[in-house]
Amino acid sequence: MNKLSITLITLIALVTLPLAACQEREVPQVQPQASTPAVQTQPAPATGNAGGTEIAPQQAIARLAPTQGNETTGTVTFTRQADGVEVVAEIQGLPPGGRHGFHVHETGDCSAPDATSAGGHFNPQGTPHGAPDNPLDQRHAGDLGNIEAGPDGTAQYRRVDPGLQLDGPQSIVGKAVLVHANPDDFTSQPAGEAGARLACGVIEVEQGQ
Ligand code: CU
Ligand code: ZN
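Residues numbered from 1 in each chain as written. Chains lettered and ligands numbered in written order. Predicted model: local features only at pLDDT ≥ 70, side-chain atom pairs only at ≥ 80, totals over all residues. Heavy atoms only, no water.

Section: the coordination of the zinc ion (ligand 2)
Move 1: The protein atoms donating to the zinc ion (ligand 2) are His 121 (ND1), His 129 (ND1), His 140 (ND1) and Asp 143 (OD), with metal-donor distances spanning 1.9 to 2.0 Å.
Move 2: Around the zinc ion (ligand 2) sit four donor atoms, and with donor-metal-donor angles ranging over 99 to 117° the site reads as tetrahedral.
Move 3: Within one chain, the residues donating to the zinc ion (ligand 2) are spaced in sequence as H-x7-H-x10-H-x2-D. Of this pair, His 121 sits in the loop between β6 (99–105) and β7 (143–148) while Asp 143 sits in strand β7, and the two are 22 residues apart along the sequence. (Donors = N, O, S within 2.8 Å, 3.2 Å for Na, K, Ca; no water. Tetrahedral: all angles 85-135°; square planar, octahedral: opposite > 155°, others 65-115°. Helix = DSSP H or I, 4+ residues; strand = E, 2+ residues; numbered from the N terminus.)

What follows is the structure in C-alpha cells.
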C-alpha cells in the first residue's frame, strides 16, 4: 500500500466507525418511544362546535330578559349530569311571594313583546302537559314546573331533569326558557294555565367551554 491508500483507509475508518456507533446508540431509543402509547387519547373536552364537527356540549345557558311591561330577569344554566341535565335558575324582579310557571318552549325566539314568538312548550315526544316529576310520557320535556318568589322578588330553582338533553335531535339548545305570570297547575292542557309571559331567554352554548 502506498501512503495515499493508508491515508484513505484511515479516513474511511475515522468516518464510518463513529457513524456505526451512532446508529447503535440510536436503536435503543426507538424502544421507549414504541412502548409508550399515544398520550393524547383522552376524550376531548366538550365544546360547542369545532371545525364543523358537532361535539356534545357540557353546559348551556339562557339569560332571561323581561317582556314588555315586566321587570323579570335571570339566568338559567343547564349542565349535563350522569342521570340527566341539572337546571339551576336565579331569577329576579318577580312579584313577591308567588309561584310562576317555568318551562322550556319550542322556539328560540324571544323577539315578540309578549314572547309569544317562543311558541308552545317543548314537546318532542308528543306527550300531554304535566308536572316535572311525572313519568316522561305524562309531561312535556319542557315542563320544569314552577319557581317560587321570595318576599324580595327573587327565586332560586334547582333540579336534575331526566327528560332534558343537550345534544341530539331532542336537544334543548336553541329553544327558549320562559317564566310566566301565574302558577302552572300541571293539569290544564296544553300549558298549565300559567298565563302571560314575564321573561324569556334563548338556550345557548357559550363559546370557550
Ligand atoms: Cu311556558
Ligand atoms: Zn307543558
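Observations concerning the pairing of β6
Move 1: Most of β6 is tucked away, with six of its seven residues classed as buried.
Move 2: Note: β6 against β7, four bridges, orientation antiparallel. When the bridges of β7 are listed, His 100 appears paired with Ile 147.
Move 3: As paired elements, β6 and strand β9 (residues 176–180) share four bridges and run antiparallel to each other. Bridging from a neighbouring strand, His 103 pairs with Leu 178 of β9. (Buried < 20%, exposed > 50% of the residue type's maximum accessible area, 1.4 Å probe, protein only. Pairing = 2+ DSSP bridges.)

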